[in-house]
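Coordinate analysis (summary)
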Amino acid sequence: MPSALPGGEETHGPFWSEPGALLEHVPVAVFGVDDGDLVCYWGPGARDLFGYDSAAVLSEPGAVLFADGSRSGSGSCARLTERGRTLGYWRGRLTARHRDATVFACGFRAFSVRGAGGRSVVMVLASRSDELDRVKTNLAFLDALFETCPIGLLMLDPDLRYVHLNQALADMDGLPVEAHLGRPIDEFMLVSDGGEYRSMLRAVALGGPPVVGALVGTRPRGHPDSDQVRSVSFFPLTQAVGSRPGVGGLMVDVTDREQAILEATAGRRRLTLLAGASTRIGTTLDLNLTAQELVDASMPDFCDGAVVELVQWTDEAADFDPGRPLVTRRIASGTILPPPATELVSGVETVRYPPGSVIHDMLRTGRAISAVVNEEFLARTVLIESRARLLAESGLACVLIAPLIARGTVQGIAMFGRSAHRPAFTRDDVSLAGELASRAAICLDNARLYGRVQDISLTLQRALLPSVLATSPYADVAHRYVPGSRITEVGGDWYDVINLPDGRVVLVVGDVMGHGVSAAAAMGRLRITTKALARHDSEPSDLLAELDACAQEAGIELATCLYIAYDPKSGRARVASAGHPPPLLLRPDGTVETIDDVLGVPLGVGGFPFRTTEIELPGSTTLALYTDGLIEARGRDIDTGLEALRVELRGAPGPLEAMADHILASLLPTPPTDDTVLVLARVHRAP
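Reading the values: rules and limits
Residues numbered from 1 in each chain as written. Predicted model: local features only at pLDDT ≥ 70, side-chain atom pairs only at ≥ 80, totals over all residues. Heavy atoms only, no water. Helix = DSSP H or I, 4+ residues; strand = E, 2+ residues; numbered from the N terminus. Buried < 20%, exposed > 50% of the residue type's maximum accessible area, 1.4 Å probe, protein only. Arc of directions from axis to C-beta. Contact = heavy atoms within 4.5 Å. Pairing = 2+ DSSP bridges. Axes fitted to C-alpha atoms, helices over the stretch in contact; angles between N-to-C directions. Left-handed = near helix turned anticlockwise from the far one by under 90°. Salt bridge = Lys/Arg side-chain N within 4 Å of Asp/Glu carboxyl O. Phe/Tyr/Trp six-rings, centres within 6.5 Å; stacked < 30°, edge-to-face > 60°. Lys NZ or Arg CZ within 6 Å of the ring centre and 35° of its normal. Expected span 1.5 Å × (residues − 1). Polar contact = N/O pair within 3.5 Å; in protein donor to acceptor, adjacent residues only side chain to side chain. Patch = residues over 30% accessible without salt bridge, like charges linked within 9 Å, V, L, I, M, F, W, Y side chains within 5 Å. Areas by Shrake-Rupley, 256 points an atom, 1.4 Å probe, with all protein chains shown as cover.

Bringing unusual backbone geometry into the picture now. The linkage connecting Met299 with the following residue, Pro300, adopts the cis geometry, with an omega of -5°. Turning to its location among the elements, Pro300 is positioned in the loop between helix H9 (287-298) and strand E14 (305-311). Phi at Ala101 takes a positive value of approximately 85°, unusual for a residue other than glycine. When you line up the elements, Ala101 lands in the loop between strand E5 (89-97) and strand E6 (103-114). For Ser620, which is not glycine, the phi torsion reads 70° and is therefore positive. The residue Ser620 is located in the loop between strand E27 (613-616) and strand E28 (622-626) in this model. Given the relative accessible area of 38%, Ser620 is considered partly exposed.

Okay, helix H13 (residues 385-393) next. Buried residues of H13: Arg387, Ala388, Leu390 and Leu391, and no others. Viewed end-on, H13 has its buried residues packed into an arc of 160°, placing them on one side of the element. The exposed residues of H13 that point more than 90 degrees off its buried face are Glu385, Ala392 and Glu393. As for H13, its buried residues are in contact with strand E15 (326-335), helix H10 (341-346), helix H12 (375-381) and strand E18 (396-406). At the C-terminal side of H13, Gly395 shows a positive phi close to 95°.

Residues Thr613 and Ile615 point to one face of E27 and are all buried, whereas Glu614 and Glu616, pointing to the other face, are not buried. Note: strand E24 (residues 572-578) against E27, four bridges, orientation antiparallel. When the sheet's bridge partners are listed, Val575 is paired in E27 with Thr613.

Judged by pairing direction, the sheet is antiparallel, and its six strands sit side by side in the order E9-E8-E13-E12-E11-E10 without closing on themselves. The open sheet has two edge strands, strand E9 (162-165) and strand E10 (189-190), and neither has a second partner. As paired elements, strand E11 (residues 211-220) and strand E12 (residues 228-237) share six bridges and run antiparallel to each other. Following the sheet pairing, Val211 is matched in E12 by Phe234. Running at roughly 20° to E12, helix H7 (residues 196-205) makes contact with strand E8 (152-156), E10, E11, E12 and strand E13 (246-253) of the sheet.

Strand order in this open sheet of six strands is E16-E15-E14-E19-E18-E17, and the pairing throughout is antiparallel. Sheet topology places strand E16 (350-353) and strand E17 (369-372) at the edges, where each strand pairs with a single neighbour. The mean angle between the axes of side-by-side strands here comes to 30°, regardless of whether they run parallel or antiparallel. Pairing of E15 with E16, which is carried by four bridges, proceeds in the antiparallel orientation. In the strand pairing of E16, Thr328 is matched with Val351. The strands touched by H9 within the sheet are E14, E15, E18 and strand E19 (409-419), with E15 carrying the most contacts at an inclination of about 55°.

On to the environment of Leu586. Looking at the element boundaries, Leu586 is found in strand E25 (residues 584-586). With 31 residues separating them in the primary sequence, Leu586 and Leu617 have C-alpha atoms 9.8 Å apart. Sequence-distant contacts of Leu586, that is, excluding residues within four places in its chain, are made with Thr591, Val592, Ser620, Thr621, Thr622, Leu649, Arg650 and Met659.

Turning next to the packing of helix H17 (residues 638-651) against helix H18 (residues 656-667). Direction vectors running N to C along H17 and H18 enclose 145°, while the axes themselves pass 10 Å from each other. Note that H17 runs across H18; the crossing there is right-handed. Residues Ala644, Leu645, Glu648 and Leu649 of H17 lie in contact with H18, whose contacting residues are Met659, His662, Ile663, Ser666 and Leu667.

Attention shifts here to the pattern of salt bridges. Enumeration according to the criterion identifies 30 salt bridges in this entry. With a shortest N-O distance of 3.9 Å, Arg47 and Asp48 are connected by a salt bridge. Note on Asp48: relative accessible area 59%, which makes it exposed. Residue Arg407 is joined to Asp445 by a salt bridge in which the shortest nitrogen-to-oxygen separation is 2.4 Å. A residue pair is termed long-range when its members are at least 10 positions apart, and Arg407 in the loop between E18 and E19 and Asp445 in helix H14 (residues 427-464) qualify at 38 residues. When its relative accessible area of 53% is taken as the criterion, Arg407 is described as exposed. Here the salt bridges share partners, and the residues they tie into one network are Glu539, Arg572, Arg574, Glu614 and Glu616.

Applying the stated criterion across every chain yields a total of nine aromatic pairs. An angle of 85° between the planes, with centres 5.9 Å apart, marks the rings of Phe31 and Phe50 as edge-to-face. With Phe31 in strand E3 (residues 29-33) and Phe50 in helix H1 (residues 44-50), this residue pair connects regions lying 19 residues apart in the sequence. Assessed through its relative accessible area of 0%, Phe50 is described here as buried. Between Arg221 and the ring centre of Phe188, over which it is positioned, the NZ or CZ distance is 5.6 Å. The ring of Phe302 has Arg418 sitting right over it, with the charged end atom 5.4 Å from the ring centre.

When the terminal C-alpha atoms of helix H3 (residues 75-87) are compared, their 17 Å separation across 13 residues agrees well with the 18 Å that a helix rising 1.5 Å per residue should span. Among the residues of H3, those classed as buried are Ser76, Cys77, Leu80, Thr81 and Gly84. Projected down its long axis, H3 shows its buried positions confined to an angular sector of 125°, all on one face. When the buried face of H3 is taken as reference, the exposed residues oriented beyond 90 degrees from it are Thr86 and Leu87. Structurally, the start of H3 carries an N-cap: the backbone nitrogen of Ser76 is 3.3 Å from a side-chain oxygen of Ser74. Backbone geometry just after H3 places Gly88 at a positive phi near 85°.

Take a nonpolar patch on the surface next. Together, Met513, Leu558, Val605 and Phe608 line one region of the surface with nonpolar side chains, adding up to about 340 Å² of accessible area. By secondary structure assignment, the location of Phe608 is in the loop between strand E26 (592-594) and E27.

On to the environment of Ile615. Assignment of secondary structure puts Ile615 in strand E27. Among residues more than four places away in sequence, those in contact with Ile615 are Gly571, Arg572, Ala573, Val575, Leu585 and Ile595.

Turning our attention to the pairing of strand E7 (residues 120-128). Within E7, seven of the nine residues are buried, which leaves the element mostly enclosed by the surrounding structure. Two strands pair when backbone bridges link them, and E3 and E7 are joined in this way by five bridges, in the antiparallel orientation. By the bridge assignment for E7, Val30 is matched with Leu125. As paired strands, E6 and E7 are joined by nine bridges and run antiparallel to one another. Bridge pairing links Gly107 to Ser127 in E7.

Structure (structure tokens):
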């Protein structure tokens with residue numbers, strides 16, 4: 001605050017107020033009195049408080065400022081300056097007098113300083129007592145309000161971060177006051193309203209109208225398992241009198257009063273969990289992956305740990321016997337708890353539950369149940385002492401067990417656990433777990449049935465494909481069969497090598513359109529029929545015609561077949577094709593030739609003749625027979641794939657086995673999208 005010196009000169013005195021300080025809220029007069037009790041400094045605040053300008057009061061006795069003062073002196077002034085000099089600092093209340101002769105109570109603070117030339121000056125700060133009392137009352141009220149008010153009070157900056165809050169609000173959030181400061185409010189109030197709550201706050205922060213008594217359902221960050229309903233009121237903070245911009249607010253916990261909103265919030269959370277589980281569970285037909293999806297979907301919103309186990313029934317058709325032990329196979333697990341919980345859920349594959357266990361209780365009723373993890377539970381349910389100790393030390397305080405029932409059969413169990421830091425499972429939680437398990441059970445059963453069909457198809461296919469090909473001194477053969485990905489793991493690709501009388505050798509490759517058991521069965525019928533027809537020494541075109549008739553009778557709608565009969569005495573081969581990709585010849589000089597003039601219609605179409613083409617094969621010529629999985633792929637034209645095969649065949653290493661491996665490694669995608677057969681045969685002439 002600028003001071004005035006004799007002559008009207010203004011300069012800074014020993015003290016002046018800064019913008020935004022408390023002095024802006026309370027008028028404060030600053031003046032100085034010298035050794036002779038004459039006014040030697042006079043600030044603008046003093047002019048406002050006492051009514052004198054600097055010219056009228058500087059070098060005048062300080063006594064004129066007090067009610068008991070006169071030109072001859074003032075006891076009040078003398079006492080103030082004497083105590084300021086002797087005590088170093090003094091404060092008290094005295095009666096002051098305005099220039100217009102009005103008197104008023106005034107609070108004074110006096111302290112001694114050294115002026116220019118070593119002069120002793122008593123600096124005085126004065127304010128009207130009623131103004132001081134007003135500010136003190138307001139501050140005391142605000143302090144008491146923030147300290148003792150049971151209503152949550154807060155102040156947010158324009159970015160909706162905490163600037164100030166009281167203990168009542170910190171208790172509602174379950175975290176200390178210090179943890180809030182500088183952090184956004186939505187880190188502490190978790191709401192499921194699509195951003196509506198934050199939008200409301202943002203509108204107030206931008207100067208919008210106040211919000212009064214809005215009801216908000218929330219789950220505080222510090223109480224992750226406790227839903228609350230709060231009545232919230234917010235108002236914009238203006239910059240009047242130096243206050244900060246932002247938002248002020250009040251919050252009242254009205255959970256008990258608004259139980260309906262709380263239940264609706266919990267219901268929305270359950271629906272959100274179920275909706276999320278519906279999209280996350282059953283994305284594949286892999287049994288183990290589907291089970292793991294159930295575990296992952298349940299954490300951390302619903303539980304702290306979960307496992308999925310399949311029941312190892314000795315006879316699925318037999319009724320459940322609660323008097324016998326139950327054996328399960330754990331196929332998925334997970335936990336967000338620290339060790340030893342991780343070892344508890346993942347450290348075992350086969351689990352044996354004794355008669356009378358909680359699992360038996362659940363299977364007896366067919367409904368989900370919850371249980372407290374205590375000594376009784378451990379004694380009834382866990383046979384192995386080390387596992388019981390792990391469970392007791394894991395931090396899990398309660399478990400919820402739900403049956404996985406699909407199509408009237410218990411497939412297994414889903415077990416969810418919570419630590420002591422979360423509330424025990426409620427009846428609503430038991431119902432939710434049953435719904436989760438029910439939805440997951442259908443997906444698990446679909447995966448189980450798909451796996452069973454795949455196993456049957458694969459077993460059938462392996463049984464029908466040749467385990468060992470016929471050998472001949474006139475043909476060296478390398479063969480490969482590569483199944484496709486899991487979705488198309490079992491297809492109708494097949495091949496064979498058949499020895500005929502007089503040393504002749506038949507090479508045959510075919511492909512039944514489709515996948516699964518039906519394709520594998522059709523492949524087996526065609527392979528066996530082809531082998532039987534070949535032994536009757538039929539012309540290749542006649543053999544395909546007979547095979548076409550058999551395919552029609554068997555209901556095989558579409559299949560391809562390539563048939564090559566090689567005579568080592570003449571060095572000639574007779575070739576016929578039923579819609580199959582053409583064979584390639586790698587001649588001894590390194591040239592590659594495509595035999596593409598033998599294409600015919602696929603088997604099962606009927607009504608079209610087949611024809612035989614005869615070609616000459618020099619000694620050491622290599623024949624390449626294959627199915628379309630080798631040259632056809634998504635995003636690649638079949639002609640491009642055929643040309644790539646020609647290039648790889650030309651540059652492949654000499655030994656047939658190495659050639660086969662090199663070609664597959666170069667042309668097949670990873671993982672392969674379709675079944676693939678490759679047969680390489682290097683023919684020799686008979687002496």
